[in-house]
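A closer look at the structure
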Amino acid sequence: MNIAMLPTVSGPHTHSTASVSSIMGNVILALLPATAFGVYLFGWPAFNLLIITLLTSVVGEAICLRIMHKPIWPFLGDGSAVVTGWLVALTLPPWAPWWIAVIGGLFAIVIGKQLFGGIGQNPFNPAMLARVMLLIAFPLEMTIWVNPHPLFSPNSPTFIEGLYITFWGVENIEAISSASLLGHLKTQLILGHTVPEILAASNYSPLDSLIGFTNGSFVETSGLLLLLGGLYLLARKIITWHIPFSMLATVILLATIFNEYNPDRYVNALFHVLNGGALLAAFFIATDLVTSPATSLGKIIFGIGCGAIEYIIRTWGSFPEGVGFAVLLMNALTPLIDHYLRPRIYGRTWSGQPLEDEK
Amino acid sequence: MTTDYKNIIKEGLWGNNTVLSQQLALCPTLAVTTTATNGLGMGLATTLVLVATGWIISMVRGVVTQEVRIPVFILLIATTVTVADMIINAFLHDLYKVLGLFIPLIVTNCVILGRAEAYASRQKVLPSMLDGLMMGLGFTAVLVVLGMIREIIGSGTLFANASLLLGQTFAFLELTVIPNYKGYLIMILPPGGFLVFGFLMAAKRLIDQELERRNSLVIPLKVIDVPA
């Protein structure tokens, strides 16, 4: 056989089957249980919100690609815009009005991602950027946490009522909503109550927070399902253990130390992990491949930073929840971390000199 | 040596625009442009200072030696700004309450020292004053446009409090563009300033590209004309 006839194949000869679209598909799959539970818990308005955010993200992406003369379908088909839109929707208050979803989806894609050059170029996580922007721009709408209205239960809005809620709003929404547990804790602490008093008065049970029967943003309520999704991503090797582990461990460690020091002022670690966006951020947002460091040690430092900033903002800051700010601040440090923690180049010493020939 | 006044005007207003091209004076640009009126007031105050310092510095340029020029320039600028500060406090007191903090800071506005260094210290009095005026007007124009965009998106009004700056005759400028607007707070906050500023810079580049494309369409025709 003539060797020259064989097709020339250049290296690498072994490669993983991972592609952007398969990674994004797996992320969506991992988010599905928690999302489905969110839709069940908060009814049709939450579903509308998810659809609106997804649509605006995808349309925004298509328009940007068009303006920049890039091929539309290959970039749209990789699913990254869908994941970004999905994550934005999941961090919104479930009964937020439609324009919150539209502004959030567009901001994440247009400002957060495409302005920096599209997929792989954005220094900040687009979904968190949109969420923090919305929180700062619309502090009122973004902190109305509606109480659970499970689908098929008598007080759940019908599909038509759901459309009405999303597009026209609800009269007296304050009557059917309450502060999130984190926010409630913060205001009550300022009023001088102690942690055990507050938790007893607000019917807090760790089990409810674990399963998710509390109020909160769309998907962050169910710790269990988020954990399940996160473990799935770990098992599929989409993410590594470094960031979720170091982030949650930091929160747990800090919370335990301060809780031991003064249990009346500092709430325990379980509360911190199960409430707010800690689990969602640890598994799905901080682990964003584009905006987190590349090396294992870098990821651990990144996770510790996220966890520490989150705990600091929650405990001493003016916002009840600080996950979004924590992730964005550490995103800003990612290039620095990567600069100082470069791995050794194969065949070279740490200083970049070629290895001596051993004879 | 003849001075190309037309070029000074063109460069000051557009080609070498303080904010959009030199990217100087970003601090006041982003800080005060929460409304168009604030932008206009800040722009006019800076223009006043620019013309005055252009005049003074151009006059002393023969006396000041190379080694001490920076302290001397800063001293002259600081004096001029203090005078402007007192004038605004005396005659436009309501505006002063809004812009108060930022007016003394015109001293540190890099465009003033920048023009003193780059232009007034080497040129005659009249071109220096014209340069100051045009740079100042270019600065004012950007500040007003930036302020208008941020004000409309951020709070749904346009030229709010304009009568404080320009007197009651200009009260008609005060518009409510979007009635019952809840406000888009981020546009009033610093991030909104950066966002709009970025889009304005991009717009200037687009326009420049378009102008260049049009000019390049004209040139070949001239080349063909010459040998004929």
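Helix and strand content of chain B: ten helices and two strands. Counting from the amino terminus, helix and strand elements in chain B follow one another as α-α-α-α-α-α-α-β-α-β-α-α. Principal-axis analysis of the C-alpha atoms places the extent of chain B at approximately 65 × 50 × 35 Å. Counting over 228 residues, chain B shows a buried share of 38%. A separation threshold of at least 6 residues defines the contact pool for chain B, and within that pool the share at least 24 residues apart is 77%.

A count of helices and strands for chain A gives 16 helices and zero strands. Its C-alpha atoms give chain A a radius of gyration of 22 Å, within 12% of the compact-globule value 21 Å for 359 residues. Overall size of chain A, expressed as C-alpha extent along the three principal axes, is 80 × 50 × 35 Å. Split into buried and exposed, the 359 residues of chain A put 47% on the buried side. Partitioning the contacts of chain A with sequence separation of at least 6, the portion at a separation of at least 24 is 75%.

Below, the discussion takes up unusual backbone geometry. All names here are of chain B. Positive phi values are uncommon outside glycine, yet A25 reaches one of about 60°. Looking at where A25 falls in the secondary structure, it is placed in the loop between α1 (5–15) and α2 (26–32). Owing to 23 C-beta atoms within 10 Å, A25 belongs among the buried residues under this scheme.

Often, the extent of an interface is quoted as the loss of accessible area on bringing the components together. Residues and elements named next belong to chain A. Here the domain parsing of chain A yields domain 1 (20–179) and domain 2 (181–214 + 239–338). Spacing between the C-alpha centres of domain 1 and domain 2 amounts to 22 Å. Elements with a minimum of two residues in the side of domain 1 that touches domain 2: α1 (20–42), α4 (80–90) and α6 (126–137). At six residues, α6 tops the list of elements feeding residues into the side of domain 1 that touches domain 2.

Residue and element names in this part refer to chain B. Their axes nearest at 10 Å, the elements helix α3 (residues 36–60) and helix α4 (residues 69–91) cross at an angle of 140°. As far as their axial angle goes, α4 and α3 are oblique. The handedness of the crossing between α3 and α4 is right-handed. Contacts from A45, L48, V49, A52, T53, I56 and I57 of α3 reach α4 at F73, L76, I77, T80, V81, A84 and I88.

Take the nonpolar core next. In terms of nonpolar packing, the biggest core is built from 97 residues, with A89, V251, A282, I285 and V327 of chain A touching the most fellow members. At nine residues, the largest contribution of residues to this core is made by α1 of chain A. A domain-level breakdown of this core finds at least three residues from each of domain 1 (20–179) and domain 2 (181–214 + 239–338) of chain A. Residues A25, L40, A52 and I112 of chain B belong to the second largest nonpolar core, which totals 47 residues.

Compared with an ideal rise of 1.5 Å per residue, which puts 14 residues at 20 Å, helix α5 (residues 98–111) of chain A spans 19 Å between its outermost C-alpha atoms and is within 8% of the ideal. Looking at α5 of chain A, one finds that the buried residues are I100, A101, I103, G104, G105, L106, F107, A108, I109 and I111 of chain A.

Within the secondary structure, K124 of chain B sits in the loop between α6 (110–120) and α7 (125–155). A C-alpha to C-alpha distance of 9.5 Å links K124 of chain B and G54 of chain B, two positions 70 residues apart in sequence.

A few words now on the environment of S216 of chain B. Assignment of secondary structure puts S216 of chain B in helix α10 (residues 190–225). On a C-alpha basis, the gap between S216 of chain B and T37 of chain B in space is 39 Å, while along the polypeptide they are 179 residues apart.

Moving on, we get to α7 of chain B. The terminal C-alpha atoms of α7 of chain B, which comprises 31 residues, lie 43 Å apart, in line with the 45 Å expected from a rise of 1.5 Å per residue. Following α7 of chain B by one or two positions, G156 of chain B adopts a phi angle in the positive range, close to 75°.

This paragraph deals with the environment of G193 of chain B. Residues and elements named next belong to chain B. Mapped onto the elements, G193 comes out in helix α10. In this structure, the C-alpha to C-alpha distance between G193 and L26, residues 167 residues apart in sequence, is 9.9 Å. In contact with G193, not counting residues within four places along its chain, are L30, T33 and R150.

Take the packing of α1 of chain A against helix α11 (residues 223–235) of chain A next. All names here are of chain A. Here α1 crosses α11 at 170°, and the two axes come no closer than 8 Å. Considering the angle they form, α1 stands roughly antiparallel to α11. Contacts between α1 and α11 involve N26, V27, A30, L31, P33, A34 and F37 on the former and, on the latter, L225, L226, L228, G229, Y232 and L233. Taken together, the residues that form the contact of α1 with α11 break down as eleven nonpolar, two polar and no charged.

For the rest of this paragraph, the subject is the confidence of the model for chain B. All names here are of chain B. Counting all residues, the mean pLDDT for chain B is 86, and 94% of those residues have values of 70 or more. Least confident of the elements in chain B is helix α8 (residues 162–166), whose mean pLDDT is 75; most confident is α7, at 92. Listed scores for the predicted complex are pTM 0.83 and ipTM 0.78.

Each value, and the rule that gives it
- Residues numbered from 1 in each chain as written.
- Chains lettered and ligands numbered in written order.
- Predicted model: local features only at pLDDT ≥ 70, side-chain atom pairs only at ≥ 80, totals over all residues.
- Helix = DSSP H or I, 4+ residues; strand = E, 2+ residues; numbered from the N terminus.
- Buried ≥ 20, exposed ≤ 12 C-beta atoms within 10 Å, placed from the backbone.
- Contact = placed C-beta atoms within 7 Å.
- Rg over C-alpha atoms; globule rule 2.2 N^0.38 Å.
- Domains from an automatic or database assignment.
- Axes fitted to C-alpha atoms, helices over the stretch in contact; angles between N-to-C directions.
- Parallel < 35°, antiparallel > 145°, perpendicular 65-115°, else oblique.
- Left-handed = near helix turned anticlockwise from the far one by under 90°.
- Core = buried A, V, L, I, M, F, W, Y, C linked by C-beta atoms within 7 Å.
- Expected span 1.5 Å × (residues − 1).
- Nonpolar A, V, L, I, M, F, W, Y, C, P; charged D, E, K, R; others polar.
- pLDDT = per-residue confidence, 0-100.

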